[in-house]
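What the coordinates show
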Number of protein chains: 4
Amino acid sequence: MNHEELRRELHLLHLELPKNALVAWTSGNVSARTGEHMLIKPSGVTFEELTPEGMVLTDLNAQVLDGDLSPSSDTATHAYIYRHLPEVGGIVHTHSPYATAWAANAREIPCFLTAMADEFGGPIPCGNFALIGGEEIGAEVVRVLRGHRSPAIILQNHGVFTIGKTPRAALKAAVMAEDVARTAFLATQLGHPVPIAQADIDSLHDRYTNVYGQQKAGTGEKP
Amino acid sequence: MNHEELRRELHLLHLELPKNALVAWTSGNVSARTGEHMLIKPSGVTFEELTPEGMVLTDLNAQVLDGDLSPSSDTATHAYIYRHLPEVGGIVHTHSPYATAWAANAREIPCFLTAMADEFGGPIPCGNFALIGGEEIGAEVVRVLRGHRSPAIILQNHGVFTIGKTPRAALKAAVMAEDVARTAFLATQLGHPVPIAQADIDSLHDRYTNVYGQQKAGTGEKP
Amino acid sequence: MNHEELRRELHLLHLELPKNALVAWTSGNVSARTGEHMLIKPSGVTFEELTPEGMVLTDLNAQVLDGDLSPSSDTATHAYIYRHLPEVGGIVHTHSPYATAWAANAREIPCFLTAMADEFGGPIPCGNFALIGGEEIGAEVVRVLRGHRSPAIILQNHGVFTIGKTPRAALKAAVMAEDVARTAFLATQLGHPVPIAQADIDSLHDRYTNVYGQQKAGTGEKP
Amino acid sequence: MNHEELRRELHLLHLELPKNALVAWTSGNVSARTGEHMLIKPSGVTFEELTPEGMVLTDLNAQVLDGDLSPSSDTATHAYIYRHLPEVGGIVHTHSPYATAWAANAREIPCFLTAMADEFGGPIPCGNFALIGGEEIGAEVVRVLRGHRSPAIILQNHGVFTIGKTPRAALKAAVMAEDVARTAFLATQLGHPVPIAQADIDSLHDRYTNVYGQQKAGTGEKP
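Let me begin by describing the structure that accompanies this report. (Residues numbered from 1 in each chain as written. Chains lettered and ligands numbered in written order. Predicted model: local features only at pLDDT ≥ 70, side-chain atom pairs only at ≥ 80, totals over all residues. Heavy atoms only, no water.)

**Here we look at the overall build of chain A**
If you tally the helices and strands in chain A, you get 7 helices and 8 strands. By the compact-globule yardstick of 17 Å for 223 residues, chain A fits well, its C-alpha radius of gyration being 17 Å. Projected onto its principal axes, the C-alpha coordinates of chain A cover approximately 50 × 40 × 30 Å. Within chain A, contacts between residues at least 6 apart in sequence are counted, and of these 62% link residues at least 24 apart. In the form shown here, chain A has an accessible surface area of approximately 8,100 Å², with 51% of it arising from carbon and sulfur atoms. (Helix = DSSP H or I, 4+ residues; strand = E, 2+ residues; numbered from the N terminus. Rg over C-alpha atoms; globule rule 2.2 N^0.38 Å. Contact = heavy atoms within 4.5 Å. Areas by Shrake-Rupley, 256 points an atom, 1.4 Å probe, with all protein chains shown as cover.)

**Let's talk about the packing of aromatic side chains**
Under the defined criterion, the tally for this structure stands at 4 aromatic pairs over all chains. Between Tyr98(C) and Phe185(C), the ring centres sit 5.4 Å apart and the planes meet at 65°, which makes this aromatic pair edge-to-face. Taken together, the residues Tyr98(C) in helix H3 (residues 97-104) and Phe185(C) in helix H6 (residues 167-190) connect sequence positions 87 residues apart. The class of Phe185(C) is buried, set by a relative accessible area of 5%. The ring centre of Phe47(A) lies 5.2 Å from the NZ or CZ of Lys41(A), which sits over that ring. (Phe/Tyr/Trp six-rings, centres within 6.5 Å; stacked < 30°, edge-to-face > 60°. Buried < 20%, exposed > 50% of the residue type's maximum accessible area, 1.4 Å probe, protein only. Lys NZ or Arg CZ within 6 Å of the ring centre and 35° of its normal.)

**Focus: the sheet that holds strand S5 (residues 90-94) of chain C**
Residue and element names in this part refer to chain C. Spatially, 8 strands are ordered S4-S3-S2-S1-S5-S8-S7-S6 in an open sheet, and the strand pairing comes out mixed. Bordering the open sheet on either side are strand S4 (64-66) and strand S6 (126-127), each of which pairs with just one other strand. When strand S3 (residues 56-59) meets S4, the two strands line up antiparallel, connected through 2 bridges. Note that in S4 the partner of Leu57 across the bridge is Asp66. (Pairing = 2+ DSSP bridges.)

**With respect to the relation of the copies chain D and chain A**
Superposing chain D onto chain A takes a rotation of 90° plus a shift of 0.0 Å along the axis, which leaves an RMSD of 0.0 Å. Given the turn and translation reported, the copies of this chain are related as if by a four-fold rotation axis. Looking at the rotation axis and the C-alpha trace of chain D, the residue lying nearest is Gln189(D), at 5.4 Å. The residues that chain D uses at the interface reappear at the interface of chain A in only 3% of cases, marking distinct surfaces. (Least-squares fit on C-alpha atoms with pLDDT ≥ 70 in both.)

**Topic: the packing of helix H2 (residues 75-84) of chain C against helix H5 (residues 136-145) of chain C**
Residues and elements named next belong to chain C. Between H2 and H5, whose axes approach to 7 Å, the crossing angle comes to 40°. Comparing the axis directions of H2 and H5 gives the class oblique. Along this stretch, H2 crosses H5, giving a crossing that reads as right-handed. Residues Thr77, Tyr80, Ile81 and His84 of H2 touch H5, and the partners they reach there are Ile137, Gly138, Ala139, Val141 and Val142. (Axes fitted to C-alpha atoms, helices over the stretch in contact; angles between N-to-C directions. Parallel < 35°, antiparallel > 145°, perpendicular 65-115°, else oblique. Left-handed = near helix turned anticlockwise from the far one by under 90°.)

**Here we look at helix H1 (residues 3-19) of chain B**
Residue and element names in this part refer to chain B. In this model H1 runs 25 Å from its N-terminal to its C-terminal C-alpha over 17 residues, within 8% of the 24 Å that 1.5 Å per residue would give. Listing the buried residues of H1 in full gives Leu6, Arg7, Glu9, Leu10, His11, Leu13, His14, Glu16 and Leu17. Turning to H1, the residues buried within the fold contact strand S1 (29-34), strand S2 (37-40), strand S3 (56-59), strand S4 (64-66), strand S5 (90-94) and helix H6 (167-190). A distance of 3.1 Å separates the backbone nitrogen of Glu4 from a side-chain oxygen at the start of H1, and that oxygen is part of Asn2. Count one or two residues on from H1 and you reach Ala21, which has phi positive near 60°. (Expected span 1.5 Å × (residues − 1). Polar contact = N/O pair within 3.5 Å; in protein donor to acceptor, adjacent residues only side chain to side chain.)

**Quick look at the relation of the copies chain B and chain A**
Taken together, a rotation about one axis and a shift along it account for how the two chain copies relate. For the pair chain B and chain A, the superposition axis carries a translation of 0.0 Å, the fit reaches an RMSD of 0.0 Å, and the rotation angle comes to 90°. Counting the interface residues of chain B, we find that no more than 3% of their copies in chain A are interface residues as well, pointing to two distinct contact surfaces.

**Brief notes about the interface of chain D and chain A**
Listed by partner, the interface residues are 33 residues for chain D and 31 residues for chain A. Across the chain D to chain A interface the summed buried area is about 2,700 Å²; carbon plus sulfur atoms make up 59%. Taken together, the links from chain D to chain A amount to 1 salt bridge. Its salt-bridge partner being Lys19(D), residue Glu48(A) comes within 2.2 Å of it at the nearest N-O pair. Along the contact surface separating chain D from chain A lie 8 residue pairs in polar contact (both at pLDDT 80 or more). (Buried area = accessible area lost by both parts, 1.4 Å probe. Salt bridge = Lys/Arg side-chain N within 4 Å of Asp/Glu carboxyl O.)

**Brief notes about the sheet that holds strand S8 (residues 159-164) of chain A**
Residue and element names in this part refer to chain A. What the 8 strands build is an open sheet, ordered S4-S3-S2-S1-S5-S8-S7-S6; its pairing is mixed. Looking at which strands have only one partner, the edges of the open sheet turn out to be strand S4 (64-66) and strand S6 (126-127). Strands S6, strand S7 (152-155) and S8 of the sheet are contacted by helix H5 (residues 136-145), whose axis makes an angle of about 135° with S7. This element, helix H6 (residues 167-190), spans strand S1 (29-34), strand S5 (90-94), S7 and S8 of the sheet and lies at about 30° to S5.

**Side note on the interface of chain B and chain A**
With 31 residues of chain B at the interface, the matching set in chain A holds 33 residues. For the pair chain B and chain A, the summed buried surface comes to about 2,800 Å²; carbon and sulfur atoms form 59% of the total. When the buried surface of chain B facing chain A is broken down by residue, Trp25(B), Asn105(B) and Asn157(B) rank first, second and third, together holding 24% of it. Inspection of the chain B/chain A interface yields 8 residue pairs in polar contact (both at pLDDT 80 or more). Listed by contribution, the elements that provide at least two residues to the side of chain B that touches chain A are helix H3 (97-104) and H6 of chain B.

**Re the packing of H3(B) against H6(B)**
Angle between the axes and distance between the axes are the two parameters that describe a pair of packed helices. All names here are of chain B. Where H3 contacts H6, the axes come no closer than 7 Å and their chain directions differ by 60°. Relative to H6, H3 is oriented so that their crossing is left-handed. Here H3 contributes Pro97, Tyr98, Ala99 and Trp102 to the contact with H6, which in turn contributes Glu178, Ala181, Arg182, Ala184, Phe185 and Thr188. By residue class, the composition of the contact of H3 with H6 is 7 nonpolar, 1 polar and 2 charged. (Nonpolar A, V, L, I, M, F, W, Y, C, P; charged D, E, K, R; others polar.)

**Remarks on the pattern of salt bridges**
All names here are of chain C. A full pass over the atoms with the stated rule returns 40 salt bridges over all chains. Residue Arg7 pairs with Asp66 through a salt bridge whose shortest N-O separation is 3.8 Å. With a gap of 59 residues between them, Arg7 in helix H1 (residues 3-19) and Asp66 in strand S4 connect regions that are remote in the sequence. Judged by its relative accessible area of 7%, Arg7 is buried.

**Some points on the environment of Ser70(D)**
Tracing the sequence through the fold places Ser70(D) in the loop between strand S4 (64-66) and helix H2 (75-84). Placed 26 residues apart in sequence, Ser70(D) and Gly44(D) show a C-alpha to C-alpha distance of 8.9 Å.

**What to know about the side chain of Ser150(D)**
Residue and element names in this part refer to chain D. Following the sequence through the fold, Ser150 ends up in the loop between helix H5 (136-145) and strand S7 (152-155). Taking relative accessible area as the criterion, Ser150 reaches 2% and is therefore assigned buried. Separated by 2.7 Å, the side chain of Ser150 and the backbone oxygen of Ala152 make a polar contact. When near neighbours in sequence (up to four residues on either side) are disregarded, Ser150 contacts Phe120, Pro123, Ile124, Pro125 and Leu145.

**Overview of unusual backbone geometry**
Residues and elements named next belong to chain D. Not every positive phi belongs to a glycine, and Trp25 is a case in point at roughly 55°. Counting through the fold element by element, Trp25 comes out in the loop between helix H1 (3-19) and strand S1 (29-34). Classification of Trp25 as buried rests on a relative accessible area of 15%.

**Digging into the pairing of strand S5 (residues 90-94) of chain D**
All names here are of chain D. Of all 5 residues in S5, 5 are buried, a share of seventy percent or more. Burial along S5 is two-sided: the residues Gly90, Val92 and Thr94 and Ile91 and His93 are all buried. When S1 meets S5, the two strands line up antiparallel, connected through 4 bridges. By the bridge assignment, Ser31 is partnered in S5 with Ile91. In terms of strand pairing, S5 meets strand S8 (residues 159-164) through 5 bridges, oriented antiparallel. What sits directly across from His93, in S8, is Phe161.

What follows is the structure, encoded as structure tokens:
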């Protein structure tokens, strides 16, 4: 994708956040790596007011290169992740309610669901508390997710970050993280959810990663 | 219905899955038996990208006969059910959250509601854990639902399968399964739900099966 | 309203049921008294397929007078209520989930909310279990609601009936019943909801009944 | 904004109430201060029937100056707040379910979330029970919110009031209040939510108040 296409894609992906009930008002953001730079949501703008042109271009030290609006207050976090995880092409951040409820308990989201074994390869880990604005959150995300199967992390008292090869893959992980966080919450309320055996989790994750979806010849990518 | 009509019907029924909040992202699928074959959702395609033409035609051993896309990774399960339950003309699979929360507890959904006695004739049974991809799930569905009043089963740690004479009937069962799973969940949280006497469940189910809806002369079908 | 206007009004009110998340699939219905007769939803028809012309005209013994479709399987209940409560001009029936969860516990919905004191004048009462199809449900609704402040009743293991001078007033009561049932549920889950003093409930209900809304000169009606 | 613009803005903001699931039927209202007067929703009118012209102009003693409809039954409350808190330009009132569930328990909404520290600077306080219609509610809102960091208050057994420099700011606070009330509810159900240290709450609130969003040169306003 060129810059214009990526801006349009990023705009469309932002609209998926309210559509999937992951955000309230202006919270939540998606970014995309583009070469040595990144594009990210402007700060404090509602999803209805957002435009492709409004996305802010920064370098990977969170310095604005192009754009009339200030970038998201989470820009330093996104930039830190791109600098330290070269395989990441897109990042999503939300305060989606069920996932954030687990985060407010400082508990990982336990793996009671085959859909969770598929997408996350086990529990969704919970990172430590970190203040917003600087690089502490980015450092915590990278510390936990580097080499981890899960493309999602919840951060204590805060919310969710997901990563992916593309912004669309990161968005999918954010949607699925809230979905499994909700079902795991409901299962916990019923009293005695049954864990899945580790060997079964491994088997499910392997099949999902290697078989599911439409294989695009020569790319290893899924749509 | 001819093939074209069935593809359009199947497309419309798939759109009911997100509309009724039964699915997240690309999860969930509907299939239809057509003679010795079946039509099913392609794997990993979002509901917005889905088209009537994109539905994949397979035989009842899950081998693709026609279609550019790979079929759902649940195709072997659907095929197994069609082979073993000749009265089934449509199948729906979801991970709808409330039903799946009961499944994560390996608990049948108890019958506290007249609407549940109507549609399911009692509790919705819970099948054992089975791995995805092969025929284990299909075998478990058939083992439990053969001769059972309920057109729905939940599978431990996984989700919901519903069957029907038509894909539309199976979809209705999937919608109602989530609806009663939610109310049963809420009733359980309040502390002391009152069971319905077996004789009353029988009476309700009999009336609903034989009186409710619009009888179409000569067909015994309901709209 | 003449018959045609009433059919259109009834059609519009039915569309409010799914819009307010009170129903799943074809469940739920609204009826209107018209002189010595009543109009009601046809049985087993989805809300999208419903038309003003499809509404079924019956007498107050539930005998069909006009219409190609069978009337709702709750017709005998509606007819019984109209025969015994002459002030009632409209009736709504749903299985809305939070109200029905209280009903599955055979518990009245307690009055923790000023909005509930306003609309219902206290708790929403719970009627005894009654089988569907005959007049038992109607008899239970009339037994409990005659002379009661509340325009809503929940029936054990079943769902909600609301009554009003007009079908629109009954619909409003059905929407508000689910709304307060949900908040009362959530309040109960938090542990220690505070009751409202009876004198305050009385004062709130009196003000709401006599002051709230737009008084239409000469009619005593509110819009 | 002139009067016409303010009426249109107020109309649009009212439509956000059902869109953000904060209200049922005709409950909930938004008002705007305009010079020595205020504009407010008419009483008992549905959100779909509402028009810019239908907004009622009153003085700050709740006396109608212009409008064919009666003003909201909460008009005296809004007027009292404008008279006593001169910095307030807009007020929102709802019975949004999760916030009201905390209010039914007479419990402040505890601060487990960085988003709550950001927007509310700590817990959302709970005011005492007060009857509707006179000035008791306004007096309780002013008593609690004067000098408080939080732009939101919940009132025992009743609902939510939020204030802001503009009606839009008050609406944002109402949306965020329900969002954090829900996540705090879910976190509490999971068993052991972790509080945020007071120094961290202070730091988050300070950053959010002074850095977040798009600073408009010379105004200190955020969009």
